[in-house]
Amino acid sequence: MERAELELWHTRKDLKNLDSLRSKGPIVLVPTMGALHQGHLSLVERASELGTAVVTIFVNPTQFGPNEDFDSYPRTLDRDLELLKDYPVAGVFAPEVSEIYGAPQGVMVQPGHRGMGLCGGSRPDHFSGVLTVVAKLFGLVQPDIAIFGRKDAQQCLVIGQMVEDLKMNIELIDAPTLRESDGLAMSSRNRYLSNEQRQQALCLSQALNKAKDLLVKGCCQRKEIVGTMEEILQTADALDYAEVRQVPNLEIEETLTGKILLAVAAKVGPARLIDNLVLELKNNQVADSYLLGTGRKS
Ligand code: PAF
């Protein structure tokens, strides 16, 4: 794609600037809450390969619970824009809360069964907030394709269900999780960690890798896999969950087959961290897999 000039849009009216770009190919949206790291930038890179990349930066209040980190969530717009200048991004939409939400907010989009349990269990209104803002961003930007990070696996699946059920004509892609060299999944919340907590946080990826090893050795009993992950996650300050679910509908099966999600969440110091592996079990083989669509571009 030809390199476009990065534009910054704050209002819904500014998004009119997108209209002249629509004839140039697909509009590819990367929704973010900012505090960009290499993981986000890999989504942006993918977007620009597929069409005209548009990034949204919006810390969405409705997806944070009352005692969560909405107030302290890092807001680093200037730095984010500086990082994005090195990528062929057509525009960044960074609205104020009042541009997105009226007072009081009326309609909220509710997740279906995929929003139950896992993060939906410990963060009761989280996915309703995510779906509501994503539906608004889809309505405003009107992308042809949207890319989400696979690290937020349940988020990808509830958005997938929204797009399917509400007949939104948008192709979704879940892009692979980027990891630090020691395995820690990249996250904006890693910046909350001290050096010591950063080491402690490695138990999340270690739990997932140990579970994968067990699957490779032929164990396909959910209880055994969950037990192993829970044991390793004792190193965290508080375990939220260690689970194995079927993909895409997140059912619990005691004997694992087909496409599965190994998912963990734990508190380390001030940060609630999540991580996962998406795997396909087929013919006694274990292969890395994806969540949405055909995986053609993931
Ligand atoms: O994954 C995120 O950063 C957010 O949940 C999203 C999708 C941008 C909605 O606020």
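Residues numbered from 1 in each chain as written. Predicted model: local features only at pLDDT ≥ 70, side-chain atom pairs only at ≥ 80, totals over all residues. Heavy atoms only, no water.

Trainee: So what exactly am I meant to see when it comes to the site of the ligand here?
Mentor: Around the ligand, the structure places P31, T32, M33, N60, Q63, V133, F148, D152 and Q155. Within the side chain of Q63, one N or O atom sits 2.6 Å away from an oxygen atom of the ligand. In the environment of the ligand, an oxygen atom lies 2.7 Å from a nitrogen or oxygen atom belonging to the side chain of Q155. Contact with the protein chains covers 89% of the free accessible surface of the ligand, which is 290 Å². Counted by class, the shell around the ligand contains 4 nonpolar, 4 polar and 1 charged residues. (Near = heavy atom within 4 Å. Polar contact = N/O pair within 3.5 Å; in protein donor to acceptor, adjacent residues only side chain to side chain. Areas by Shrake-Rupley, 256 points an atom, 1.4 Å probe, with all protein chains shown as cover. Nonpolar A, V, L, I, M, F, W, Y, C, P; charged D, E, K, R; others polar.)

Trainee: Please explain helix α5 (residues 126-141) as it appears in this structure.
Mentor: The terminal C-alpha atoms of α5, which comprises 16 residues, lie 22 Å apart, in line with the 22 Å expected from a rise of 1.5 Å per residue. Every buried residue of α5 is listed here: H126, F127, S128, G129, V130, L131, T132, V133, V134, L137, F138 and V141. Among the residues trailing α5, Q142 stands out with phi positive, at a value near 50 degrees. (Helix = DSSP H or I, 4+ residues; strand = E, 2+ residues; numbered from the N terminus. Expected span 1.5 Å × (residues − 1). Buried < 20%, exposed > 50% of the residue type's maximum accessible area, 1.4 Å probe, protein only.)

Trainee: Sorry if this is basic, but what is going on with the sheet that holds strand β7 (residues 238-246) here?
Mentor: The pairing of strands in a sheet comes from backbone hydrogen bonds and takes either a parallel or an antiparallel form. Spatially, 4 strands are ordered β7-β8-β9-β10 in an open sheet, and the strand pairing comes out antiparallel. At either margin of the open sheet sits one strand with a lone partner, and together these are β7 and β10 (285-288). When the angles between neighbouring strand axes are averaged without regard to direction, this sheet yields 25 degrees. Both β7 and strand β8 (residues 258-268) contribute to a ladder of 8 bridges, which runs antiparallel. Across the sheet, R245 pairs through a bridge with L261, a residue of β8. Sitting on the sheet, helix α8 (residues 202-216) is in contact with β8, β9 (271-282) and β10, with an inclination near 15 degrees to β9. Along the sheet face, helix α9 (residues 222-232) touches β7 and β8 and points at about 155 degrees away from the line of β7. (Pairing = 2+ DSSP bridges. Axes fitted to C-alpha atoms, helices over the stretch in contact; angles between N-to-C directions. Contact = heavy atoms within 4.5 Å.)

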